[in-house]
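Residue-level structural notes
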Amino acid sequence: MPADVQHTLAGSATLEGTSLHTGEKVTLTLKPAPEGHGFKFRRIDLPDQPFISADVDKVQTVERATTLAEGSVKVHTVEHVLSALTGMGIDNALIEMDANEPPIGDGSAKPFVELIKKAGIAAQTAPRKTWEIREPIHMETGDGTLITIVPAKSFRVSVTNVGPDGRFTQYFSSEVTPEKYEKEIAPARTFVYYEDVKPLLEKGLIKGGSLESAVVIRGNEVMSKEALRYNNEFARHKALDVIGDLILSGKRILGHVIAVKPGHGPNTKMAATLKSEYSRLRSMVPPFSIPKGETVLDINDVLKILPHRYPFLLVDRVVDFEGDTKCTGVKNVTMNEPFFPGHFPEHPIMPGVLQLEAMAQVSSVLMLRKPENAGKIGYFMSADDVKWRRPVLPGDTLFIEAEVIKIRGSIGQTRCKCLVNGEVVSEGELKFALMDR
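The numbers attached to residues start from 1 for each chain and follow its sequence in the written order. Where local features are concerned, this predicted model is filtered to residues with pLDDT of at least 70; where side-chain atom pairs are given and counted, the filter is 80 or more; whole-chain, interface and lining totals use all residues. Heavy atoms from the whole structure form the basis of all side-chain values; hydrogens and water molecules are not counted.

The name an unreviewed UniProt entry gives the protein is Multifunctional fusion protein, with Luteolibacter ambystomatis as the organism. UniProt positions are given in the numbering used here, feature names are shortened, and annotations may be inferred rather than shown by experiment. Database annotation for the protein, UniProt heading Pathway (unreviewed entry): "Glycolipid biosynthesis; lipid IV(A) biosynthesis; lipid IV(A) from (3R)-3-hydroxytetradecanoyl-[acyl-carrier-protein] and UDP-N-acetyl-alpha-D-glucosamine: step 2/6." Its UniProt record, at the heading Cofactor (unreviewed entry), says of the protein: "Zn(2+)".

In structure tokens, the structure reads:
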């Protein structure tokens, strides 16, 4: 399954059962959705069959489960189905229900994984946008709960479960891939401590609960229709919940989520933090911190592709690819650049022709990273419709965007622009030839 494009379901599949907290009979159907749709719930039992987006802004309550609301319309206990969709690599899906809560099944995400496999998984054409965490994001509460997300080149979850009085302290850590999610995370069942059951019953929160749909812990004993599926099943289920709650941020991430005593409240609070931080970074500059997975190139990767070296290498890193047709490079313009002493003394400005050269180098990266072009070099042939709109000064960060508009044999044509703080400073159309060195 290609990881660089979005995925949806190949068809529809239906699951029937009983909801945990309301005890109602419910039919849930997973359906395909178009690119960029994300996850949406639809209450087909209500007039107008309203939709509710799987968005942290829609979170209403988080007591024992995550509830989403749009006006007076609610869907309860969304975390298991969202976790399954996320863990199995689905980006876009419509979740239809004829009640306000999915079926609980055996208390795990396994029934939803089986439903996804029954429907099938289909690759789409739009690129999958994945946010690579570059700086740690940390959150903690006064009761000892903490969630930290640190940089990593994959999506990994590490969870420590700590029960009352330290009972059933367990640890689980795993990279999250569809294969590992299905085998190591999805089968882990929800659990509850016996001393919590009575108040939950009084609040009417587990009308559909039974020993077949949850594991009950009484003292140091486990009450269940079957033995524990893993010796750290509770920590695994907490990881399952973390995955389902964090996707409410609307963003898949590359990062290592480290959670101690997580719960739906802290999980959704971190999801809100992720959404806010993503929006803040987007508003600052072009998507320098919103790369597409592992295709981001650091300076060492760039040096392996381009033949340029100091003082003529004008790309520090490549931060975004959209398939094989678009990419974004970065040049940090410092006062130490060798051209500033002569261009101009006491009024340093980056030469426009070097901005054009930076566009050409990013265009070359786009073409030369293809296996069939390995070891070649890009030669300028022409530059058309070139415009310089404002000076580039020391301290600016130059974002160079390149898009292939035509390619024929060894001849490529790209449309490029340079931006500083989201404002276009130069642009043009370039034609170049790829030749053997």
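Here we look at unusual backbone geometry
Across the junction of Tyr-310 and Pro-311, the peptide omega takes the value 5°, indicating a cis bond. Strands are runs of DSSP state E lasting at least 2 residues, helices are runs of H or I lasting at least 4, and numbering of each runs from the N terminus. Relative to the helices and strands, Pro-311 is located in the loop between α7 (299-305) and β20 (317-322). Omega for the bond connecting His-343 with Phe-344 falls within 30 degrees of zero, at -5°, which places this linkage in the cis form. Position of Phe-344 relative to the elements: it lies in the loop between β21 (326-332) and α8 (352-368). Here the phi dihedral of Asp-165 falls at roughly 60°; this positive angle occurs in a residue that is not glycine.

What to know about the sheet that holds strand β16 (residues 191-193)
Two strands in a sheet stick together by hydrogen bonds in their backbones, pointing the same way (parallel) or opposite ways (antiparallel). In this analysis, strands are considered paired if DSSP registers two or more bridges between them. Overall, mixed pairing links the three strands, which are arranged β16-β17-β18 in an open sheet. Looking at strand neighbours, the two that pair on one side only are β16 and β18 (221-223), the edges of this open sheet. Taking the axes of each pair of neighbouring strands and ignoring which way they run, one obtains an average angle of 30° across the sheet. Relative to β18, strand β17 (residues 215-218) is paired through three bridges, and the arrangement is antiparallel. Note on β18: the bridge partner recorded for Arg-218 is Glu-221. Interaxial angles span 0 to 180 degrees and are taken between N-to-C directions of axes, which are lines fitted to C-alpha atoms, for helices over the stretch in contact.

Description of the packing of aromatic side chains
Any pair of Phe, Tyr and Trp rings, taking the six-membered ring for Trp, is counted once the centres come within 6.5 Å. Such a pair is stacked with planes under 30 degrees apart, edge-to-face with planes over 60 apart, and tilted for the rest. Tallying each qualifying case throughout the model produces five aromatic pairs. Each ring, one from Trp-131 and one from Tyr-278, has its centre 5.4 Å from the other, and the planes form 70°; the classification is edge-to-face. Of this pair, Trp-131 sits in strand β11 (residues 130-132) while Tyr-278 sits in helix α6 (residues 264-284), and the two are 147 residues apart along the sequence. Here Tyr-278 falls in the buried class, since its relative accessible area comes to 11%. Among the aromatic residues, those joined into a ring-pair cluster are Phe-168, Phe-191, Tyr-193 and Phe-234. Directly above the ring of Tyr-230 sits Arg-236, whose terminal nitrogen or CZ lies 3.9 Å from the centroid. By the criterion adopted, a ring carries a charge over it if an Arg CZ or a Lys NZ lies within 6 Å of its centre and within 35 degrees of its normal. Sitting over the face of the ring of Tyr-278, Lys-251 holds its NZ or CZ atom 4.4 Å from the ring centroid. Only protein chains enter the accessibility calculation, which uses a 1.4 Å probe; a residue whose area is less than 20% of its type maximum is buried, one above 50% is exposed, and one in between is partly exposed.

Quick look at the side chain of Thr-328
As for its position among the elements, Thr-328 is in strand β21. Of the residues examined, Thr-328 reaches a relative accessible area of 7% and is grouped as buried.

Examining the UniProt feature "binding site: Zn(2+)" (unreviewed entry) in the protein
Within this structure's numbering, the places UniProt gives as "binding site: Zn(2+)" (unreviewed entry) are His-80, His-237 and Asp-241. A maximum C-alpha distance of 9.6 Å places the annotated residues, which cover 162 residues in sequence, within one compact spot. Summarising the element assignment, His-80 is placed in helix α1 (residues 79-87). Note on contacts: a residue pair qualifies if any of its non-hydrogen atoms lie within 4.5 Å across the two residues. Ignoring any residue separated from it by four or fewer positions in sequence, one finds His-80 in contact with Ile-104, Gly-107, Ser-108, Ala-109, Phe-112, Thr-190, His-237, Leu-240 and Asp-241. If we ignore the near neighbours within four places in the chain, the residues touching Asp-241 are Glu-79, His-80, His-264 and Asn-267.

Re the pattern of salt bridges
What counts as a salt bridge is simple: a side-chain nitrogen of Lys or Arg found within 4 Å of a carboxyl oxygen of Asp or Glu. Across all of its chains, the model carries 23 salt bridges by this definition. The salt bridge partner of Glu-233 is Arg-189, with a shortest N-O separation of 2.8 Å. A residue pair is termed long-range when its members are at least 10 positions apart, and Glu-233 in helix α5 (residues 233-246) and Arg-189 in the loop between α3 (178-185) and β16 qualify at 44 residues. Its relative accessible area of 0% is what places Glu-233 among the buried residues. A relative accessible area of 4% means that Arg-189 is categorised as buried. Of the charged contacts in the structure, one is a salt bridge between Arg-415 and Glu-429, with a shortest N-O distance of 3.5 Å. Of this pair, Arg-415 sits in strand β24 (residues 411-420) while Glu-429 sits in strand β25 (residues 423-436), and the two are 14 residues apart along the sequence. Where salt bridges share partners, they join Asp-106, Arg-189, Glu-226, Arg-229 and Glu-233 into one cluster.

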